[in-house]
Amino acid sequence: MPDRKPIVGGNWKMNTTAMSAQALAAACVEGSRSLTQGCDVFVSPPSPYLAQVGDATAGSAVELAAQDFYPRLSGAFTGEMGLEMLADLGVQTVLVGHSERRHVLLEPEDLIAVKARAAVEAGLRLVLCIGETLGQREAGETDAVNLRQLSSALGEVDLDDPERLVVAYEPVWAIGTGRTAEPADAEAAHRAIRSALQDRYDERFADSVRIQYGGSVKADNASALISQPNVDGFLVGGASLKADEFLAIIRSAAGGAA
Ligand code: PGA
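Please read these numbers as outputs of a predicted model, since none were measured by experiment.

1. Some remarks on the nonpolar core
The nonpolar side chains of soluble globular proteins are, as a tendency, buried together.
Step number 1: Within the largest apolar cluster, 70 residues are counted, with the highest numbers of intra-cluster contacts made by Leu-128, Leu-165, Leu-197, Tyr-213 and Phe-234.
Step number 2: In contact with Leu-128, not counting residues within four places along its chain, are Val-96, Ile-112, Leu-150, Ala-153, Leu-154, Leu-165, Val-166, Val-167 and Ala-168.
Step number 3: Grouped together as the second largest cluster of nonpolar side chains are nine residues, Phe-42, Leu-95, Cys-129 and Val-166 included.

Right, dumping it as C-alpha cells:
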C-alpha cells in the first residue's frame, strides 16, 4: 500500500471568539506535539483570527489554513482577503470549494477553479472540497458529481507535487448533520476520486495525494473510517471546536498510519 501520511484539518467555520480561538489553537499545538510525526495537522480559524492563531501555531508542526480568500494579490475587492495577506499571515494551506461556499454562499464552479489555480500558483497547499447532495446520492450520482467537481476545479491547475493537493470528500448530507458516511461508502467514493486523479495526472501522483473524508467526523467514528485504504485523514468541522475531541481524531489518524 502506498505510504501516505494522514492529514487532519480543523475547519472552525464562523465560530470562536478572539479569546477562544487563541485557547483552542494553543491546546491543539500542545496536544498534537507527540502526534504530528504520524499525521499532518492544520487548523482553519475565521479570517479575523488568522494572525493570532498564526502566533499560536508558529514554530509548531500545526499548519495555518485559511477558509477562503480572493484569488488576487491585492486590489479593489471590497470585503475580501487577498493572497498577499495570506502570505503575510503565514498561511500555508487554503480550503477551496467547501460545501457551504458552494451551496450557502452560492460560489460558482468557475470561481472555485480560479481559486484552486491561484492557490497552487501562490505555493499554498490546496484542500479541494467536493461532495454530493443527498438527492444526488439517492439518484446514484455520487461519483459523477465528485468527478465533475474535481475536473472542473483542477482543469487549469498545473501540479507536479502531490503534497500540494489534498482532496476533501465531504458529502453535503453528512456535514453538520451527525450522519456520517459508512466507511465502505467513503472508501468507494475515495477510490473513484483517486482513479480520476490518475487519469488527470498519473499513477504515482494519484497514489500520493491525500484524500480526506469530512462530514460529522468524531472521535468515535474516526478509527473505522481511517482503516479504509483510501481514507487518508479528515476535514473536521464541529468536533474540531473541542480540543480533546479533535486531538482524539488526530490520534486515530496517526495510529492508522502505522
Ligand atoms: P462537520 O463539518 O464535521 O461539522 O460535519 C465538516 C466540514 O464542513 O468540513
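Having put the structure on the table, let's press on.
2. What about the environment of Ala-174?
Step number 1: One can find Ala-174 in the loop between strand E6 (165-169) and helix H8 (183-200).
Step number 2: Along the chain, Ala-174 and Val-217 lie 43 residues apart, while their C-alpha atoms are 9.0 Å from each other.

3. Regarding the site of the ligand
Step number 1: Around the ligand, a shell composed of 13 residues is seen, among which Lys-13, His-98, Glu-170, Gly-176 and Ser-216 lie nearest.
Step number 2: Side-chain polar atom of Lys-13 to an oxygen atom of the ligand: 2.7 Å apart, as the coordinates give it.
Step number 3: Across the complex, the protein chains shield 95% of the 280 Å² of accessible surface that the ligand would expose by itself.
Step number 4: When the residues that make up the shell around the ligand are grouped by side-chain class, the tally is four nonpolar, seven polar and two charged.

About the criteria used
- Residues numbered from 1 in each chain as written.
- Predicted model: local features only at pLDDT ≥ 70, side-chain atom pairs only at ≥ 80, totals over all residues.
- Heavy atoms only, no water.
- Core = buried A, V, L, I, M, F, W, Y, C linked by side-chain atoms within 4.5 Å.
- Buried < 20%, exposed > 50% of the residue type's maximum accessible area, 1.4 Å probe, protein only.
- Contact = heavy atoms within 4.5 Å.
- Helix = DSSP H or I, 4+ residues; strand = E, 2+ residues; numbered from the N terminus.
- Near = heavy atom within 4 Å.
- Polar contact = N/O pair within 3.5 Å; in protein donor to acceptor, adjacent residues only side chain to side chain.
- Areas by Shrake-Rupley, 256 points an atom, 1.4 Å probe, with all protein chains shown as cover.
- Nonpolar A, V, L, I, M, F, W, Y, C, P; charged D, E, K, R; others polar.

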